[in-house]
Amino acid sequence: SQQGEEDPQALSIQEGENATMNCSYKTSINNLQWYRQNSGRGLVHLILIRSNEREKHSGRLRVTLDTSKKSSSLLITASRAADTASYFCATSITGGGNKLTFGTGTQLKVEL
Amino acid sequence: SQTIHQWPATLVQPVGSPLSLECTVEGTSNPNLYWYRQAAGRGLQLLFYSVGIGQISSEVPQNLSASRPQDRQFILSSKKLLLSDSGFYLCAWSKERGIGGYTFGSGTRLTVV
């Protein structure tokens, strides 16, 4: 079963707008990660946030983690057409080593 | 720098035929290795992972098997493919210890006909 569930399933925005994607999970985690996948390609690691962190930034990406609500959000600021892709959250659960369980993904489309 | 190679990129195989997908990693030692499958429009399902040569853990009982004959080589196999084995297969590696992100290969699109 899926540990993570992303919301929304699909998101369409205009270039320059911000995009926010949410992820909920079920069990205690060591860390939560976000990945990007262009159509028909492998996944690319974007950012990792540990369970004792609440917010992390990387370039135009901002990730928050709320362990009390078992949820995370990924914010992409000033989106570009090149940001069009699917975005997945993945969790490393407590006691699970470094195995990752992926969510179902959010398809982001950034239009010119 | 570390790189991961996965081949072939696409494969069309008849039902009942065997399968062998190969993944190799360069530029690192003792990686953790993973095989995932992605159904169309879905998330990734972990199939197998390995923490060392000959050490394979299966996550989902199925028609597939995995082997790690060398430290940086991970092979996904099947003796007889089923229609339900169709999908996008992804290999990935992570550092041996500690917390870290995965590096994925470019994937193999398998269609069983």
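Details of the structure are given in the entry above.
Residues numbered from 1 in each chain as written. Chains lettered and ligands numbered in written order. Predicted model: local features only at pLDDT ≥ 70, side-chain atom pairs only at ≥ 80, totals over all residues. Heavy atoms only, no water.

### Observations regarding the interface of chain A and chain B
Between chain A and chain B, the residue contacts involve 19 residues of the former and 22 residues of the latter. In total, chain A and chain B occlude about 1,600 Å² of area from one another, counting both sides; carbon and sulfur atoms represent 54% of this. At the boundary of chain A and chain B, one finds one salt bridge. Applying the counting criterion to the chain A and chain B interface returns nine residue pairs in polar contact (both at pLDDT 80 or more). For the side of chain A that touches chain B, the elements supplying multiple residues, two or more each, are β4 (29–37), β5 (43–50) and β10 (100–102) of chain A. (Contact = heavy atoms within 4.5 Å. Buried area = accessible area lost by both parts, 1.4 Å probe. Salt bridge = Lys/Arg side-chain N within 4 Å of Asp/Glu carboxyl O. Polar contact = N/O pair within 3.5 Å; in protein donor to acceptor, adjacent residues only side chain to side chain. Helix = DSSP H or I, 4+ residues; strand = E, 2+ residues; numbered from the N terminus.)

### What to know about the pairing of β5(A)
Each regular strand shows side chains that alternate between the opposite faces of the sheet. Residues and elements named next belong to chain A. Relative to β5, β4 runs antiparallel, the two being bridged by seven bridges. Directly across from W34, in β5, lies its bridge partner I47. Adjacent in sequence and paired antiparallel, β4 and β5 are bridged by five residues, among which G40 carries a positive phi angle near 75°. (Pairing = 2+ DSSP bridges.)

### Here's the deal with the side chain of S50(B)
Residues and elements named next belong to chain B. Of note, S50 is situated in strand β5 (residues 44–52). For S50, a relative accessible area of 1% puts it in the buried group. Here the side chain of S50 touches Q55 through a polar contact of 2.6 Å, landing on its backbone oxygen. Separated by 3.1 Å, the side chains of S50 and R68 make a polar contact. Among all residues touching S50, those that are not within four sequence positions of it are P31, N32, L33, Q55, I56, R68 and F74. (Buried < 20%, exposed > 50% of the residue type's maximum accessible area, 1.4 Å probe, protein only.)

### Observations concerning the packing of aromatic side chains
One pass over the full model with this rule turns up nine aromatic pairs over all chains. Ring geometry for Y36(B) and F104(B): centres 6.1 Å apart, planes at 50°, overall tilted. Residue Y36(B) is located in strand β4 (residues 32–38), and its partner F104(B) is located in strand β10 (residues 103–104); the two are separated by 68 residues in the primary sequence. Taken individually, Y36(B) and F104(B) each receive the classification buried, so the pair is uniform in this respect. An aromatic cluster is present here, built from Y35(A), F102(A), Y34(B), Y36(B), Y102(B) and F104(B) joined pairwise through their rings. (Phe/Tyr/Trp six-rings, centres within 6.5 Å; stacked < 30°, edge-to-face > 60°.)

### Considerations on the pairing of strand β6 (residues 55–58) of chain A
All names here are of chain A. Two strands pair when backbone bridges link them, and β6 and strand β7 (residues 61–66) are joined in this way by four bridges, in the antiparallel orientation. Across the sheet, the residue bridging to H57 is R62, located in β7. From the end of β6 to the start of β7, which pair antiparallel, there are two residues, and G59 there has a positive phi angle of about 60°.

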